[in-house]
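Architecture and fold: a report
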Amino acid sequence: MKKNKTMIVVFLTPAVLLFLGIFLYPILKTILMSFFKIEGVTDAMNLWSFVGLDNYVKLINTSLFRTACYNLFRIWFFGGLIVMSLSLLFAAILTSGIRGKKFFRAIIYMPNIVSAVALATMWLQYVYSPRFGLLKSFFEALHLEGLAKIQWLDNEHKFMALLLAYCFGMVGYHMLIWLSGIERISPEYYEAATIDGANKLEQFRYMTLPLLKGVFKTNITMWSVSSVGFFVWSQLFSNVTADTQTITPYVYMYMQIFGGGNTVTERNSGLGAAIGVLLSLCVVLVFTVCNKLIKDDDLEF
Amino acid sequence: MGMKKKLLSAVLCGAMVGTMMAPIATVQAADDTLVYWSMWESTEPQGQAIQEAVDAYTAETGVKVDLQFKGRTGNREALQPALDGGTQIDIFDEDIDRVNSMYAKYLLDLEDLVKESGYEDTAIPGLMSACRDAGGGTLKTIPYQPNVFAFFYNKDLFEQAGVEKEPTTWAEFLDVCQKLKDAGITPMTMDDAYATSVIGYHLARLVGEEKVVEIVTEGKWDDPAVLQMAQDIEELAKNGYYSEMVGSNVWPAGQNTELALGTAAMYLNGSWLPNEVKDMAGEDFKWGCFAYPELENGANGIETNNFGAQVFGINKDTKMPKEAFDLVKFITTGEYDAKLAEMSVGIPADTTNTEWPAMVECAKPVIEQSTGRLTWAAGVETNVDMTPVIKENFIKLMAGSLTADEFVAAMQEAAK
């Protein structure tokens, strides 16, 4: 086809303009803001005061922010282990030719279409309730009095409670990604393997897993991106004021930009921007490490 | 075929760009229309009452009003950017302290309009002066939906335990707790969301709000008042005056499943509480209310309370200040103020509306006796970096898993 420069320009211009305006400009402005002290998020630039790296230094020295980062790491790491393994397990089971595949797939995906507010309320006010909760009745039925007495939402257990509830809602989404990956693998390979005498487990270990490398990368990246933005669940598990067990960098950022709780507190959007920059760096880092560690371009199928 | 494809892509591309650009052009209201960004949701009783008031105002005066329900967080997140961006917003509302500080620079001074209209003849003096204080000495906001933070209790349970008089001092308070406990009733409960109000109130009763702010912002946790407060709360915990669930109650578990269902007798909260739990508490729930008790050698007593209101602010750049003020007046006085109070089980802002909804009638003495004002949680949440830590350790103190000394030590450590 003959190259038509006008057409190239016509087709590229909107995309380029949108990219510059919607992605690049905010990114650059956020980076710039992180070096200033800014009270209101939309304050005119002449109200900004330059503070150099102070925002970053302050963040590193604030123990609450470190707590928030630690919580985020725990969510990402432990939550990641739980969600990735469960979702992969479900995906493997669903593609193994069981009956009612569509039904189970829908059931497992269901929490994703229910509002987080409704889900959190169910967990908080029903499942974990020390008066009539699901866990309490469950453990009582098993005569495990010690476990039945646990107050799942006290400071000691709150993080675990939050993590479980969150993972419950995330498994379905990642399962779908695994599913699409597994279904891409031609059934002929499995047929051949079966004829050669490989059982289901061996097929999973030596065929499915290696062929899922690329999907694994996608999953980790998606998980990292959604973990970094961990906000709603944290808010739902600690109304009005933040909680040491549930606070995440995003919640801290919100407190800095819009004020925390009901009291009028000092605001600094520059600090909020610095948090944004740090979080983006984290995602980029995870992505880069993943890319380095997992090579999937050596496989073609 | 190729041509068709090209054409189709071009059309689609154009459509995409078109839809993406659409939100950029915000619709500005016509010049003769007032724009009001409301902190309520259209489905809330307050929102419904305000909608009625606005409709009636338009019908009566012919002034068109563009009423937009933004919700609490909606206003908190979007109001300032919108004002900075030049969006026409003539009237907005939110909490008294937030509007007067965060949005101070956008506010129209209302002293003249108030004087001309004689608005103050029927307004609650304490609230008007609170607005002036918050506005830096001049009136920039009009209060409505007043609220007070105090102990709300179940009158039937008090009666059952033989409590005849509401406590005003700490000794009387302990006595009430013991009587309830003896009668087999859990004296009080708390939810995580309001735990900081307990420590704030108690500390402020001892040393006043200014000192509370100093303690939390400058890390003065070695102040003797902190230990005193911690010991008082430790005593409550030790004596079993708090519900066993206090360490794990995530709002609204305490207020719903304990107070409203009648297993716990008292709960420190705002006067919006009866409205929030009315469906669970039922119609025959008899509400009582008393101010946070006075402490021995304390800085203030039951005349100083955390009371406040939502307030209306008018944009200083509005083209229709008179009409905007008239609308605010229309909502906050007379018929529609009464309606708002009734529908939201709230407190009227107009003093001539003497009949309060039955459920909040109990808060009347507390409001009327209040001459001194504390802000939310008496300022204990001023330092955002400390609030979650205060909350964590204080809840543990209430739950009895920390002693007073351990609480003080934990706070000193955290403030380093």
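Residues numbered from 1 in each chain as written. Chains lettered and ligands numbered in written order. Predicted model: local features only at pLDDT ≥ 70, side-chain atom pairs only at ≥ 80, totals over all residues. Heavy atoms only, no water.

So, on to the overall build of chain A. When you go through chain A residue by residue, the secondary structure sums to 14 helices and 2 strands. Structurally, chain A occupies a C-alpha span of about 75 × 75 × 30 Å along its principal axes. For chain A, the share of sequence-separated contacts (at least 6 apart) that also reach a separation of at least 24 residues comes to 68%. In the structure as shown, chain A presents an accessible area of about 16500 Å², 70% of it carried by carbon and sulfur atoms. If the 24 positive side-chain charges of chain A are averaged to one point and the 18 negative ones to another, these points end up 6 Å apart. (Helix = DSSP H or I, 4+ residues; strand = E, 2+ residues; numbered from the N terminus. Contact = heavy atoms within 4.5 Å. Areas by Shrake-Rupley, 256 points an atom, 1.4 Å probe, with all protein chains shown as cover. Lys, Arg positive; Asp, Glu negative; His and termini not counted. Charge placed at Lys NZ, Arg CZ, Asp CG, Glu CD.)

Right, let's get into the confidence of the model for chain B. Confidence in the prediction for chain B averages 93 pLDDT; 93% of positions are at 70 or higher. In the model, residues 20-26 of chain B has pLDDT below 50 throughout and makes 2 contacts with residues more than four positions away in sequence or in other chains. (pLDDT = per-residue confidence, 0-100.)

Right, let's talk about the interface of chain A and chain B for a bit. Counting residues at the interface gives 43 residues for chain A and 43 residues for chain B. Interface area, chain A with chain B, both sides summed: about 3800 Å², of which 57% is carbon and sulfur. Put simply, chain A and chain B have 3 salt bridges between them. One salt bridge in this structure joins A:Asp43 and B:Lys105, with 3.3 Å as the shortest N-O distance. In this assembly, chain A and chain B are joined by 17 residue pairs in polar contact (both at pLDDT 80 or more). The dominant element in the side of chain A that touches chain B, judged by the number of residues it contributes, is helix α13 (residues 249-258) of chain A, at 5 residues. Per-class residue counts for the side of chain A that touches chain B are 19 nonpolar, 17 polar and 7 charged. (Buried area = accessible area lost by both parts, 1.4 Å probe. Salt bridge = Lys/Arg side-chain N within 4 Å of Asp/Glu carboxyl O. Polar contact = N/O pair within 3.5 Å; in protein donor to acceptor, adjacent residues only side chain to side chain. Nonpolar A, V, L, I, M, F, W, Y, C, P; charged D, E, K, R; others polar.)

Next up on the list: the pairing of strand β6 (residues 264-270) of chain B. Residue and element names in this part refer to chain B. Counting buried residues in β6 gives 7 out of 7 residues, a clear majority hidden from the surface. The pairing of strand β4 (residues 141-154) with β6 spans 5 bridges and is classified as antiparallel. Residue phenylalanine 152 lies in a different strand from β6, and its bridge partner there is tyrosine 267. Across 2 bridges, the pairing between strand β5 (residues 186-188) and β6 is parallel. Considered in β6, the bridge of threonine 186 is made with alanine 264. (Buried < 20%, exposed > 50% of the residue type's maximum accessible area, 1.4 Å probe, protein only. Pairing = 2+ DSSP bridges.)

Next up on the list: the packing of aromatic side chains. This structure, assessed with the given rule, holds 46 aromatic pairs over all chains. Here the aromatic rings of A:Trp233 and A:Phe237 are separated by 6.3 Å at their centres, their planes lie at 40°, and the arrangement is tilted. Placement of both A:Trp233 and A:Phe237 in helix α12 (residues 232-237) is noted, with a separation of 4 residues, approximately one turn of the helix. An angle of 25° between the planes, with centres 5.3 Å apart, marks the rings of B:Phe330 and B:Tyr336 as stacked. (Phe/Tyr/Trp six-rings, centres within 6.5 Å; stacked < 30°, edge-to-face > 60°.)

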